[in-house]
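What follows is the residue order along each chain.
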Amino acid sequence: MADAQRKVLRVAFRAAETGFDPQRIFDRYSVGICENIYETLVSYDYLARPVKLVPLAAEAVPEPEEGGTRYTFRIKPGIYYSDDPVFHGHRRELVAADVEYAIKRFRDPKLRSPYEWLFEHNILGLDELAERAKKEGKFDYDTKIPGIEVRGKYVVSFKLKEPNFNFLYFMAMPNVVPVAREVIEAYDADTMAHPVGTGPYVLKEWVRRSKIVLERNPNYRGFELETRYADMADEWDRRAVEALAGKRLPLIDRIEIYPIEDEQPRFLAFLNHEHDILDELPFQFINQVMPNGKLAPQLAAQGVRVFPELQPEITYDVFNMDAKTNDGAENPVGGYTPERVALRRAMVLAHDRNQEIYIVRKGQAIAAQSPVPPGVVGYDPDFRSNAQDPDPPRAKALLDMFGYVDRDGDGWRDTPDGRALTVHYKYNLGGQEQRELAELWVKCLAEVGIRAEAVAVQFADLINDKRVGKFQLAGSAWIADYPDAQNFLQLLYGPNTEQSNEARFKLPEYDRLYEKSLTVPDGEERNRLYREMTRLVFAYAPWRLGVTRRFNHLQYPWVKAYKKHPILYTNYKWLDIDVAAQQAAMK
Amino acid sequence: MTAYVIRRIWQMIPTILGVILLIFILFNWVGGDPAQVLAGKISNPDQIANIRKQLGVDQPYWYQLWVFVKQVFTFDFGRSWSTNELVSHIILTRVGPTLTVMLPCLAITSTLAVLFAVMVAYVRGTVTDRGIMIVCTVAMSVSFLVYIIVFQWLFGFVLGWFPVQGWSESFWKNLTYYAPLPIMLAVFVGLAPELRLYRSFFLDEINQDYVRTARAKGVPEKKVMLKHVMRNALIPILTNLAILLPGIFVGSFLLEVFFSIPGLGREVVTAVNRSDFPVIKAVTVYLAIITMIINLLVDVLYKLVDPRVSFK
């Protein structure tokens, strides 16, 4: 095909990638590349909202068996890896043993996989195998375990220790992809640079942290857009269906990706037609691009489209619930006694979330109403509570009622037993936004008479301090790994302390409800349990709920069939390009 | 001279050991635990301990220090903790783009600064001299970041004279297409302070007795400036260049980030953010060695510029 007719998509990433070994990476940019090179057994429909699982490398989405403890996948025959010298000129078919090998890789200590937790305490026999590897210094991939049964060439069945109705979501994560063992062993130390998958694209060129080029995988079987779940009343769905009707995908021949860390060059490169898509318009340019919420006339005249997206994420501030911090210091905000609960609730009421939304986040966020954000299964759009709405008079009344008054006349409230009260808010030294949020906390607490100090620490130290409980109050955020409320509610599950439960929240009632929710499939019963858990969060206030951010994704009109997926980071394999219009704009 | 050079090289060893010790202490005191950064979103203490074991940061400090010393003397810093790329490959591939921008920048800035400094020193005290000094002071008062933002927007986007950002695999395309705007920016920002500094060097020499004597003997002013003043002023200028020269090997982080140049400056800052100690160690040690070698070369050059200098 002549170069002039090739469909080339040019995009920028907001941060540099790290590599493309799917079991070794966790940054969303590297994972986004892997989405195009590898294939999961099941994935998400492009257009369905709320998201819906569909088969990808598997023939069908399996039904849970044995009360949610067994999942059996049948791989489609005739799926081939992209060519690689390791295959010595032969076509290499995807088989069930590749899935078994990939899952075991997550637990290989040498790999130090950031997603090891996905397959911890669930697949029968895998924990024991991983323990043995730690002791012996080598992971034995050849040992069979009862939790992974490979039945013939194409069938793999997983047996879990406990029911897990989110296991299929685990299997849809772009890291959980089969890999060919001989490829991994051949490239050994440099697997990050040699991705070989069955997906629609192959890595053609890689200048680390500067340029990533993907080109069509000639061995890829192709597919057609699934329109079953399209909502034709939605303009994005309608345009996608019209643009892709009857076409064999993928349509883009080459994808050029440029990591650009700074916001201005990324923005200007888009305006200059150097890039076709601008994912996540930087907040600082929101007033230039969308003054008063409407697309600027000069961009509208060029046919630029804006896809607004509420990401399945929340920001929140974490109270350390332990009575003492990890370094032995008294923690004035920790504990479950009525006055400590009252203090936290008063602090939550004192915080002006509207200032956070309209000043710090330039209006590009909505207030979180529960720990579960929109766009995930278990989110309840009707759930509202005033427990987290800004209300300084209520905060003051609550503090007065529980004895947090100024006893020494210095203008600041003291604890009920007469000691000086100072709350420390820890934040990341390197972030402008984090500094603004810290300043807002100090200001809001001062307004109700609580003395607070913002303490800036290095990013690595902040992660560590939050993990081990060496803090009083700190900011945090969570984006969905998979679209179920459980992924968010596990952040407050007691046994997850020192892992993801940064608040160190240990409430037996909450833990009981959480454990019960794991054994119940999606439905009204599980939603009721989620609501109960959310009420406990409001009552004990281990978090101040922040916001769910709104991102705006810009595209030029020559990009066809665009729709941002809430869980998948990229959508390249569904896009089309009007080459003539693209080239005319570049002249 | 040979004995002098050998002596100086010998003296570098304790300096390198001092640098190693300093980097090691700084990393372990303020660097943060790399295992926390690499662990991902959810990890338990066992996994953190496993990562620390894999990285070797669970070993006693003396052993880690010994490994570091061995790495320095074998030039093998292993692989990046975050990307698994060979550290030697990182340095070799990133130093090229950095030098493509920084070398022309240093050459142009220094040449222009010396030329303009001679010129303003020649017309010292006049309106031209004062005007140029005011412009320099104003130019120095504006942040580098502001220059980058304005230049990129004006020359890259509004006027379209240069690309907004980017880098290619071709050296010539980089040098002639992508690098000119960052080079122009760096020259613009670097010129003012250097011009002021070099002007003061020239003025110091102009007021010396030997200059007055030359003029009294009727030597033409241009010859006084270019032959006598220039040659003597070159010694402090060389010293200043020796200070600036190692910096071109690590580049400008801001320029590299704003113009998407895959250079070493950007790499170092990313490595610091990711607590990627092998990369930080290698770049710091390599920069220290370059600085020492450049200082040695400049000391040798002094002899060529000024015959009064002797190697004792």
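All values derive from a computational prediction rather than experimental measurement.

Criteria and cut-off values
- Residues numbered from 1 in each chain as written.
- Chains lettered and ligands numbered in written order.
- Predicted model: local features only at pLDDT ≥ 70, side-chain atom pairs only at ≥ 80, totals over all residues.
- Heavy atoms only, no water.
- Helix = DSSP H or I, 4+ residues; strand = E, 2+ residues; numbered from the N terminus.
- Rg over C-alpha atoms; globule rule 2.2 N^0.38 Å.
- Buried < 20%, exposed > 50% of the residue type's maximum accessible area, 1.4 Å probe, protein only.
- Contact = heavy atoms within 4.5 Å.
- Buried area = accessible area lost by both parts, 1.4 Å probe.
- Salt bridge = Lys/Arg side-chain N within 4 Å of Asp/Glu carboxyl O.
- Polar contact = N/O pair within 3.5 Å; in protein donor to acceptor, adjacent residues only side chain to side chain.
- Axes fitted to C-alpha atoms, helices over the stretch in contact; angles between N-to-C directions.
- Parallel < 35°, antiparallel > 145°, perpendicular 65-115°, else oblique.
- Left-handed = near helix turned anticlockwise from the far one by under 90°.
- Nonpolar A, V, L, I, M, F, W, Y, C, P; charged D, E, K, R; others polar.
- Phe/Tyr/Trp six-rings, centres within 6.5 Å; stacked < 30°, edge-to-face > 60°.
- Arc of directions from axis to C-beta.
- Core = buried A, V, L, I, M, F, W, Y, C linked by side-chain atoms within 4.5 Å.
- Domains from an automatic or database assignment.
- Pairing = 2+ DSSP bridges.
- Patch = residues over 30% accessible without salt bridge, like charges linked within 9 Å, V, L, I, M, F, W, Y side chains within 5 Å.
- Areas by Shrake-Rupley, 256 points an atom, 1.4 Å probe, with all protein chains shown as cover.
- Disulfide = S-S within 2.5 Å.
- pLDDT = per-residue confidence, 0-100.

Participant: Which residues make up the overall build of chain A, and what values go with them?
Facilitator: Each helix and strand counted, chain A has 18 helices and 20 strands in total. The C-alpha atoms of chain A give 25 Å as radius of gyration, which agrees with the globular expectation for 587 residues (25 Å, within 12%). Scored against the burial criterion, the 587 residues of chain A give a buried share of 62%. Excluding contacts between residues fewer than 6 apart, the proportion of contacts in chain A whose partners are at least 24 apart in sequence is 71%.

Participant: Lay out the interface of chain B and chain A with the relevant residues and their values.
Facilitator: In this complex, chain B contributes 48 residues to the contact, which on the side of chain A involves 47 residues. A combined buried area of about 4,200 Å² lies between chain B and chain A, and 48% of that area is made up of carbon and sulfur atoms. Three residues, Gln36, Lys41 and Ile42 of chain B, lead the burial of chain B against chain A; their summed loss comes to 18% of the area buried on that side. Counting every contact that joins chain B to chain A gives 4 salt bridges. Between Glu85 of chain B and Arg208 of chain A there is a salt bridge whose closest N-O contact spans 3.3 Å. Viewed at the interface, chain A and chain B are joined by 13 residue pairs in polar contact (both at pLDDT 80 or more).

Participant: An account of the packing of helix 10 (residues 338–350) of chain A against helix 12 (residues 392–401) of chain A is needed here, citing residue identities and associated values.
Facilitator: All names here are of chain A. Look at helix 10 against helix 12: their axes get within 8 Å of each other, and the N-to-C directions meet at 160 degrees. With respect to their mutual orientation, helix 10 and helix 12 come out roughly antiparallel. Along this stretch, helix 10 crosses helix 12, giving a crossing that reads as left-handed. Residue-level inspection shows Ala342, Leu343, Arg345, Ala346, Leu349 and Ala350 of helix 10 in contact with helix 12, the latter providing Pro392, Arg394, Ala395, Leu398 and Leu399. Among the residues making up the contact of helix 10 with helix 12, the classes are represented as 9 nonpolar, no polar and 2 charged.

Participant: Outline the packing of aromatic side chains, supporting the account with residue identities and numerical values.
Facilitator: Residues and elements named next belong to chain A. Across all of its chains, the model carries 50 aromatic pairs over all chains by this definition. An angle of 55 degrees between the planes, with centres 6.2 Å apart, marks the rings of Tyr336 and Tyr540 as tilted. Of this pair, Tyr336 sits in the loop between strand 12 (313–319) and helix 10 while Tyr540 sits in helix 17 (residues 524–540), and the two are 204 residues apart along the sequence. Of the residues examined, Tyr336 reaches a relative accessible area of 30% and is grouped as partly exposed. Look at Tyr540 and you get partly exposed, because its relative accessible area is 26%. Cluster of aromatic residues (ring-pair linked, three or more members): Tyr44, Tyr71, Phe73, Phe106, Phe119, Phe158, Phe167, Tyr169, Phe170 and Tyr482.

Participant: Can you explain helix 6 (residues 235–244) of chain A? Please cite residues and give values.
Facilitator: Residue and element names in this part refer to chain A. Taken together, the buried positions of helix 6 are Trp236, Asp237, Ala240, Val241, Ala243 and Leu244. The buried residues of helix 6 all sit within an arc of 170 degrees when viewed along its axis, so they share a single face. Here helix 6 starts with a cap whose side-chain oxygen sits 2.9 Å from the backbone nitrogen of Trp236, and that cap is Asp234. Of the residues trailing helix 6, Gly246 is marked for its positive phi of about 75 degrees.

Participant: So what's going on with the pattern of salt bridges? Residues and values would help.
Facilitator: Residue and element names in this part refer to chain B. On inspection of all chains with the given rule, the structure shows 71 salt bridges over all chains. Here Asp129 ties to Arg199 by a salt bridge, and the two come within 2.8 Å at their closest N and O atoms. With Asp129 in helix 6 (residues 127–141) and Arg199 in helix 9 (residues 180–206), this pair connects stretches of sequence that are 70 residues apart. Each member of the pair Asp129 and Arg199 is classed as buried.

Participant: Can you explain the nonpolar core? Please cite residues and give values.
Facilitator: Of all hydrophobic cores here, the largest spans 154 residues; its most connected members are Phe73, Ile103, Phe119, Ile123, Phe158, Phe167 and Met171 of chain A. Element by element, the count of residues in this core is highest for helix 17 of chain A, at 6 residues. Ignoring any residue separated from it by four or fewer positions in sequence, one finds Phe167 of chain A in contact with Tyr71, Phe73, Phe119, Ile123, Phe158 and Leu160 of chain A. In terms of nonpolar packing, the next biggest core, distinct from the first, is built from 43 residues, Val72, Leu238, Ala242 and Val285 of chain B among them.

Participant: I'd like to hear about the domain arrangement of chain B, residue by residue, with values.
Facilitator: Residues and elements named next belong to chain B. Once the domains are mapped, chain B shows domain 1 (2–74) and domain 2 (93–305). For domain 1 versus domain 2, the separation of C-alpha centres amounts to 32 Å. Contact with domain 1, which involves 18 residues of that partner, is made by 15 residues of domain 2. Regarding the contact of domain 1 and domain 2, the summed buried area is about 1,400 Å², with carbon and sulfur atoms giving 80% of it. Joining domain 1 to domain 2, the criterion identifies 2 residue pairs in polar contact (both at pLDDT 80 or more).

Participant: Quick rundown of the sheet that holds strand 9 (residues 254–259) of chain A? Include the residues and the values.
Facilitator: Residues and elements named next belong to chain A. Read across the sheet, 4 strands follow the order 1-9-8-7 without closing on themselves; strand pairing throughout is mixed. A single partner strand is all that each edge strand has here, and the edge strands are strand 1 (8–13) and strand 7 (201–207). Taking the axes of each pair of neighbouring strands and ignoring which way they run, one obtains an average angle of 20 degrees across the sheet. Of the strand pairs in this sheet, strand 1 and strand 9 are connected by 6 bridges, and their pairing is parallel. Residue Ala12 lies in a different strand from strand 9, and its bridge partner there is Tyr258. Each of strand 1, strand 7, strand 8 (211–216) and strand 9 is contacted by helix 1 (residues 28–37), which is oriented at about 15 degrees to strand 8, the strand it contacts most.

Participant: Kindly report on the pairing of strand 5 (residues 148–151) of chain A, identifying the contributing residues and their values.
Facilitator: Residue and element names in this part refer to chain A. The sheet contact formed by strand 5 and strand 6 (residues 155–159) spans 4 bridges and is antiparallel. In the strand pairing of strand 6, Val150 is matched with Val156. Counted between consecutive antiparallel strands, the loop separating strand 5 from strand 6 contains 3 residues, among which Gly152 sits at a positive phi close to 75 degrees.

Participant: With reference to specific residues and values, describe a nonpolar patch on the surface.
Facilitator: All names here are of chain B. Taken together, the side chains of Leu21, Leu22, Ile25, Leu26, Trp29 and Val30 present a nonpolar region at the surface, about 650 Å² in accessible area. Mapped onto the elements, Ile25 comes out in helix 1 (residues 2–30). The partly exposed category is assigned to Ile25, whose relative accessible area is 33%.

Participant: Mind laying out the environment of Arg24 of chain A, listing which residues take part and the relevant values?
Facilitator: In this structure, Arg24 of chain A sits in the loop between strand 1 and helix 1. Considering only alpha carbons, one finds Arg24 of chain A and Ala485 of chain A, 461 residues apart in sequence, at a separation of 25 Å. The contact partners of Arg24 of chain A, leaving out residues within four places of it in the chain, are Leu111, Pro114, Thr191 and Met192 of chain A together with Asn84 of chain B.

Participant: Give me the lowdown on the state of the cysteines, citing residues and values where you can.
Facilitator: Summed over all chains, the structure comprises 0 disulfides over all chains. Lacking any disulfide linkage, Cys136 of chain B is separated from the closest cysteine sulfur, that of Cys105 of chain B, by 16 Å.

Participant: How would you summarise the sheet that holds strand 14 (residues 422–428) of chain A if you had to cite specific residues and measurements?
Facilitator: All names here are of chain A. Strand order in the open sheet made by the 5 strands is 15-14-16-12-17, with mixed pairing throughout. The sheet terminates laterally at strand 15 (451–457) and strand 17 (543–545), the two strands that pair on one side only. Neighbour-to-neighbour, the strand axes of the sheet open up by a mean angle of 30 degrees, direction not taken into account. Across 2 bridges, the pairing between strand 14 and strand 16 (residues 473–479) is parallel. What sits directly across from Lys426, in strand 16, is Ala474.

Participant: Run through the side chain of Ser43 of chain A, naming residues and quoting values.
Facilitator: Its location among the elements puts Ser43 of chain A in strand 2 (residues 42–44). Setting aside its immediate chain neighbours within four residues, Ser43 of chain A contacts Lys52, Leu53, Val54, Leu56, Ala172 and Leu568 of chain A.

Participant: Could you give an account of the confidence of the model for chain B, naming the residues involved and the relevant values?
Facilitator: Residue and element names in this part refer to chain B. With 99% of its residues at a pLDDT of 70 or more, chain B has an overall mean of 87. Element-level mean pLDDT values for chain B span from 78 in helix 2 (residues 34–38) up to 94 in helix 8 (residues 171–178). Both scores are given for the predicted complex: the pTM is 0.87, the ipTM 0.81.

Participant: Give a detailed account of the environment of His228 of chain B, specifying residues and quantitative values.
Facilitator: Residue and element names in this part refer to chain B. Relative to the helices and strands, His228 resides in helix 11 (residues 221–244). Residue classification places His228 among the partly exposed residues on the basis of a relative accessible area of 26%. Separated by 14 residues in the primary sequence, His228 and Ala214 place their C-alpha atoms 8.6 Å from one another. Ignoring any residue separated from it by four or fewer positions in sequence, one finds His228 in contact with Tyr210 and Lys223.

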